[in-house]
Amino acid sequence: MLEFELLSNDGDALIYEYYPEGDRGDPGRVRYEPKGQEFEIELLPKADEFRHYFFHLASRLRESAGEDLPADGMCAWY
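Residues numbered from 1 in each chain as written. Predicted model: local features only at pLDDT ≥ 70, side-chain atom pairs only at ≥ 80, totals over all residues. Heavy atoms only, no water.

J.: I keep staring at the packing of aromatic side chains and nothing clicks. Help me out?
T.: Aromatic ring pairs are defined here through the distance separating the ring centres and the angle between the ring planes. With the rule as written, the count across this model stands at five aromatic pairs. Both rings, one in Phe-39 and one in Phe-54, keep their centres 5.8 Å apart while their planes meet at 85°; by these two values the pair is edge-to-face. Note that Phe-39 is positioned in strand 4 (residues 38-43) and Phe-54 in helix 1 (residues 52-63), a separation of 15 residues in sequence. Of the two residues, Phe-39 and Phe-54, neither departs from the other in class, the shared state being buried. Each member of the aromatic cluster is reached from another via a ring pair, and the members are Tyr-32, Phe-39, Phe-54 and Phe-55. Stacked on the ring of Tyr-19, the Lys or Arg Arg-24 has its end atom at 4.2 Å from the ring centre. (Phe/Tyr/Trp six-rings, centres within 6.5 Å; stacked < 30°, edge-to-face > 60°. Helix = DSSP H or I, 4+ residues; strand = E, 2+ residues; numbered from the N terminus. Buried < 20%, exposed > 50% of the residue type's maximum accessible area, 1.4 Å probe, protein only. Lys NZ or Arg CZ within 6 Å of the ring centre and 35° of its normal.)

Printed below as a string of C-alpha cells:
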C-alpha cells in the first residue's frame, strides 16, 4: 500500500510525494511529465529500494492519463 500527494504542478510537470506503507517519515518524490509519460525519481525512500512502490504509483498515474490527475490518493494491491 502507498499513499501519495501532489506537491506542485507547473503546467508541464507534476511533483508527487509518495509514502510506502503510509510512512510519512520516509517519503519518495517523483517528477511526472504527462505529455511524454516520463518519470524521474527525485528522492527514493529507503523502503522502496527496488522501486516496487514507485512502479505502482507510475501505473496509477498512467491510468489517469487524459483525465484530471489526482491531487492525492492511495494504491493498494495484494
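More follows now that the structure is in view.
J.: Would you mind going over the environment of Pro-45 with me for this structure?
T.: Looking at the secondary structure, you find Pro-45 in the loop between strand 4 and helix 1. Taking the relative accessible area as the measure of exposure, Pro-45 reaches 2% and is therefore buried. Counting along the chain gives 19 residues from Pro-45 to Asp-26, while the straight-line C-alpha distance between them is 5.5 Å. When residues no more than four places from it in sequence are discounted, the contact partners of Pro-45 are Tyr-18, Pro-20, Asp-26, Pro-27 and Gly-28. (Contact = heavy atoms within 4.5 Å.)

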